[in-house]
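# Observations on the model geometry
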Amino acid sequence: MKFPISMLRDFVTTSLNAEEVGDLLTMAGFELEGIEEVEGEAVLDIKVVSNRGDGLSVFGLAREVLAKDPSSAPTDLYRRAVERFPAADADSPEIRAKTAVAVETTDCTRYACRLMEVSNGDSPAWLQKRIRQAGWRPLGVVVDVTNYVMLELGQPLHAFNHMTLREGRIVVRKARSGEKLRTLNEVEHELNADQMMICDALKPIAAAGIMGGAATEVNADTQWVLLESAHFVNTSVRRTRKQMGLSTEASYRFERSVDPETVVAALNRFAELLADCGGLKHLVPGVLDVYAAPPAPRSVELRMSRCVRLLGMPVTVEEARTYLERLGFGVEGDGEPFRVQVPTWRPDIVREDDLVEEVGRVHGFDKIPETLPHGATTQGGFPPLEAAIDRLRARLIAAGFSQAMSHTLRDRHPLDAEGERLGPRHPGSPEIAWLRNSVLPSLADAARRNGGRDVHLFETGRVFTPQERRTVGLLSQGDLFTPHRANEGVPKADFYSVKGVIDALCPGLTWGIPATPDPRLHPTRQAEVAGLGILGVLHPDTAEACGLHVDTVVAEFDLEQLAASLMAPIAYRPISRNPAVRRDLAILIDKSVPFADVLGAIERGAGDSLERHWLFDVYEGKGIPEGKHSLAVALLLRKMGENFTDEEANQVREQVVAELAGLGATLR
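Residues numbered from 1 in each chain as written. Predicted model: local features only at pLDDT ≥ 70, side-chain atom pairs only at ≥ 80, totals over all residues. Heavy atoms only, no water.

## Focus on the overall build of the chain
For clarity, the threshold we go by: Strands here mean DSSP runs of E at least two residues long; helices mean DSSP runs of H or I at least four residues long; both are numbered from the N terminus. Our radius of gyration is a C-alpha quantity, and the globule rule it is checked against amounts to 2.2 Å times the number of residues to the power 0.38. Each residue is assigned to one of three classes by its accessible area relative to the maximum for its type, calculated with a 1.4 Å probe on protein chains only: buried under 20%, partly exposed between the two thresholds, exposed over 50%. The contact rule is simple, with two residues in contact once any of their heavy atoms fall within 4.5 Å. We get accessible surface area from the Shrake-Rupley algorithm with a probe of 1.4 Å; when it comes to residues, only the shown protein chains can shield them. Residues counted as positive are Lys and Arg, residues counted as negative are Asp and Glu, and His and the chain ends are not counted. To locate a charge, the coordinates of NZ of Lys, CZ of Arg, CG of Asp or CD of Glu are taken.
Across its full length, the chain carries 19 helices and 32 strands. A globule of 668 residues ought to have a C-alpha radius of gyration of about 26 Å, yet the chain, at 40 Å, is considerably larger. Here the chain holds 668 residues, and the buried ones make up 48% of them. Taking the contacts inside the chain whose residues are at least 6 apart along the sequence as the reference set, 68% of them involve residues at least 24 apart. For the chain, the computed accessible surface area is about 32900 Å², with 51% contributed by carbon and sulfur atoms. The chain carries 76 positive and 95 negative side-chain charges, and their two centres are separated by 2 Å.

## Details of the pairing of strand β26 (residues 521–529)
This is how it is decided: Strand pairing follows a simple DSSP-based rule, namely that at least 2 bridges must link the two strands.
Sheet analysis places β26 next to strand β27 (residues 533–538), joined by five bridges and oriented antiparallel. Residue pairing in the sheet places E528 in a bridge with I534 of β27. From the end of β26 to the start of β27, which pair antiparallel, there are three residues, and G531 there has a positive phi angle of about 75°.

## Brief notes about the packing of aromatic side chains
How we decide: Centre distance within 6.5 Å is the pairing criterion for rings of Phe, Tyr and Trp, where only the six-membered ring of Trp is used; planes under 30 degrees apart are then read as stacked, over 60 as edge-to-face, and the remainder as tilted.
Enumeration according to the criterion identifies six aromatic pairs in this entry. Each ring, one from F495 and one from Y496, has its centre 5.2 Å from the other, and the planes form 80°; the classification is edge-to-face. By relative accessible area, which is 14% here, F495 ends up buried. We classify Y496 as exposed; its relative accessible area is 63%. What links up through ring pairs into an aromatic cluster is the set F11, F59 and Y78.

## What to know about the pattern of salt bridges
What counts, and what does not: By definition, a salt bridge exists where a carboxyl oxygen of Asp or Glu is found within 4 Å of a side-chain nitrogen of Lys or Arg.
Under the counting rule described, the total for this entry stands at 51 salt bridges. In this structure, D445 engages R448 in a salt bridge whose closest nitrogen and oxygen atoms are separated by 3.5 Å. In this pair, D445 and R448 are both assigned in helix α14 (residues 440–449), three residues apart and thus about one turn of the helix distant. Overall, the relative accessible area of 12% leaves D445 in the buried class. Notably, a salt bridge pairs E642 with K639, separated by 3.3 Å at the nearest N-O pair.

## Section: the sheet that holds strand β3 (residues 31–38)
Adjacent strands of a sheet form backbone hydrogen bonds with each other and so pair up, either parallel or antiparallel. Basically, it comes down to this: Helix axes use the C-alpha atoms of the stretch in contact, all axes being lines fitted to C-alpha atoms, and the angles between their N-to-C directions lie in the range 0 to 180 degrees.
Spatial ordering of the open sheet is given by β1-β4-β3, a layout of three strands whose pairing is antiparallel. Looking along the sheet, the strands with just one partner apiece sit at the ends: β1 (2–4) and β3. Here the average twist between neighbouring strands, direction ignored, is 25°. By the bridge criterion, three bridges tie β1 to strand β4 (residues 41–47) in an arrangement that is antiparallel.

## Section: the environment of V554
Position of V554 relative to the elements: it lies in strand β28 (residues 553–558). Along the backbone, V554 and P441 are 113 residues apart, and their C-alpha atoms lie at a distance of 10 Å. Contacts of V554, omitting those with residues within four sequence positions, involve L440, L474, L475, L521, I534, L535, G536 and L538.

## With respect to helix α12 (residues 352–363)
Applicable threshold: Expected helix span is given by 1.5 Å per residue-to-residue step, counting one fewer step than there are residues.
Taking 1.5 Å per residue, 12 residues should reach 16 Å; α12 reaches 17 Å between its end C-alpha atoms and fits that length. Extensive coverage of α12 is indicated by the burial of 10 of its 12 residues. For α12, the complete set of buried residues consists of E352, D354, L355, V356, E358, V359, G360, R361, V362 and H363. If you follow the buried residues of α12, they end up packed against α2 (18–27), α3 (58–68), β18 (298–302), α10 (304–311), α11 (317–326) and β20 (338–342).

## Describing a nonpolar patch on the surface
What counts, and what does not: Patches here are clusters of residues that have more than 30% relative accessible area and form no salt bridge, with a 9 Å joining cutoff for like charges and a 5 Å cutoff for nonpolar side chains (Val, Leu, Ile, Met, Phe, Trp, Tyr).
On the surface, F595, L615 and V618 cluster together to form a nonpolar patch covering roughly 230 Å² of accessible area. Along the chain, V618 falls in strand β30 (residues 610–619). For V618, a relative accessible area of 45% translates into the label partly exposed.

## A short note on the packing of α10 against α12
Quick note on the threshold: Take the far helix as your reference; a near helix turned counterclockwise from it by less than a right angle gives a left-handed crossing, and one turned clockwise gives a right-handed crossing. Residues are grouped as follows: Ala, Val, Leu, Ile, Met, Phe, Trp, Tyr, Cys and Pro are nonpolar; Asp, Glu, Lys and Arg are charged; all remaining types, including Gly, are polar.
Between α10 and α12, the least distance of the axes is 10 Å, while the angle of their chain directions is 65°. Seen along the crossing, α10 lies across α12 with a hand that is right-handed. The segment α10 lies against α12, with R306, C307, L310 and L311 engaging E352, D353, V356, V359 and G360. Grouping the amino acids of the contact of α10 with α12 by side-chain chemistry returns five nonpolar, one polar and three charged.

## Looking at unusual backbone geometry
Cis geometry marks the peptide bond from E336 to P337, where omega comes out at 5°. Structurally, P337 is set in the loop between β19 (330–333) and β20. In this chain, T465 is followed by P466 through a cis amide linkage whose omega measures -5°. Here P466 lies in the loop between β24 (455–464) and β25 (468–477). The backbone of S257 sits at a positive phi, close to 90°, despite the residue not being glycine. Among the secondary structure elements, S257 is positioned in the loop between α8 (249–255) and α9 (263–276). Its identity as a non-glycine residue notwithstanding, D454 has a phi of 55°, on the positive side. With respect to the helices, strands and loops of the structure, D454 is situated in the loop between α14 and β24.

Now the structure itself:
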């Protein structure tokens with residue numbers, strides 16, 4: 001908002017110059033954008049935050065100056081503004097004989113008007129100068145005074161040519177289907193049913209709180225003016241303004257809140273200013289004011305002990321009381337607590353902390369002392385779950401996978417999971433019409449864009465099924481983690497290699513065959529961990545639809561559950577300084593026996609002396625009966641504090657053999 005410094009001095013007597021006023025307002029929360037000289041006078045450009053509509057008036061900023069500068073004093077104009085410019089004829093019923101007002105929507109909380117005969121010539125030189133200094137263009141005394149009052153008090157006004165109003169009536173209502181309005185900028189708008197309009201007895205004549213209509217425009221020939229002053233719900237004005245593609249000084253203020261108690265005061269101020277400018281011929285006595293539900297008084301408690309603690313600087317009870325009273329608040333009590341009456345122009349004050357901020361900004365945030373932080377602090381680092389997820393990513397990268405990252409909005413894809421889909425109400429394009437319910441489509445697209453061969457990718461991200469959750473997806477195809485090798489015999493990624501990666505990430509997973517096969521995967525080459533995720537080779541039809549090779553392996557698991565398995569406390573034990581002893585054994589066993597059972601038997605038989613074991617050979621062929629295979633297993637044994645003797649190591653080996661015999665295994 002721009003205004004000349006002389007306009008501020010109309011409301012407050014102060015020794016501060018323009019730069020000092022700008023600094024004071026900046027420290028009060030109204031940032032000075034700049035000072036420029038216009039027609040020989042300093043003009044301040046102040047940035048007003050969106051929740052401080054009271055700052056969009058010179059009167060409101062004068063209140064801030066008086067609160068922060070004890071040497072300043074209010075002028076007679078300021079006192080009259082505080083008293084709402086009372087008028088002796090406000091209660092006269094004469095105006096009701098010449099016009100009528102009906103409010104048919106709750107989006108208009110107050111509507112008032114005055115009727116007057118005018119002489120709409122040029123404004124006086126002083127008024128034209130101030131209008132230009134504010135960045136506007138003089139348009140005649142009636143319009144200029146409406147703009148000037150809005151600059152003074154923050155209350156938008158609109159003047160209708162009363163002779164153009166059908167039946168002399170004003171009706172505030174929502175637009176009806178098929179209605180149109182040509183606004184003052186000569187643009188015709190087709191109206192929607194949720195748009196609030198100012199109408200006469202027949203049709204819309206203005207967009208409420210935004211812009212008037214061309215049909216009722218005031219011009220040099222206008223003799224009778226109906227002056228509107230109203231309070232509209234800010235969200236309604238904003239919605240209509242955006243739909244109509246308009247932005248005005250009036251809508252800017254209504255969207256940021258206007259004081260409903262200033263509605264009639266602005267009408268009275270207009271009447272006296274127009275008379276001073278020589279534009280008022282006759283003022284019809286009375287104000288027509290439709291005010292169905294005045295806002296209920298609001299109060300908020302303020303405890304000075306909490307105020308001082310939050311601000312981190314000493315503020316006395318009397319200082320706080322003075323600051324709040326200067327800002328227009330009513331204050332009762334001794335400070336533990338204060339009962340603070342919130343004025344109607346401050347809808348942003350809703351809780352105690354808001355009042356603490358008011359005390360702090362008037363007292364001066366620059367007075368907060370510089371002190372070192374004290375008290376307890378957290379250890380820092382990631383929360384346990386996020387740290388586990390980070391470790392999971394690191395392990396996948398170490399296993400040869402590359403991380404992919406993609407957007408959660410996408411189009412439909414053959415690898416989409418089954419179930420309900422969600423998406424934005426108005427998508428920008430078909431490519432971002434749906435929230436993904438699986439990360440596999442994104443991985444498939446990334447693999448295809450990179451040739452579709454010798455790619456090993458993973459992605460962690462959010463999916464919506466429709467509940468939001470995080471998953472990790474894997475895609476693997478081709479040479480196993482050696483994408484640039486062309487040698488014959490390089491191992492290829494398959495179902496078991498990816499399963500091995502997952503088992504290495506989270507040991508102890510229990511795999512099974514899905515009760516209901518996933519249609520995206522090959523029906524006989526898929527497995528699941530119940531409630532956790534699924535792994536499999538792509539179905540040939542799915543692979544073809546995705547543009548990928550038929551041996552592509554994919555997996556998707558619940559990320560948080562998978563990571564949670566990495567959060568178990570780490571058990572530490574001493575390291576033995578004694579040498580280890582290795583014993584190998586080869587057994588003949590049915591192929592139907594799960595290898596997990598074989599490992600379990602080995603661990604039970606060897607007990608605590610078993611440090612490590614591994615499978616180093618599998619043989620099927622000559623000399624091996626049908627349905628069986630030979631497994632060669634290495635056992636690494638170690639004792640704490642003493643060496644294994646050959647007899648002891650052999651005894652452990654025999655115990656293992658005995659356990660394996662329970663599975664039907666025999667030594668070769």
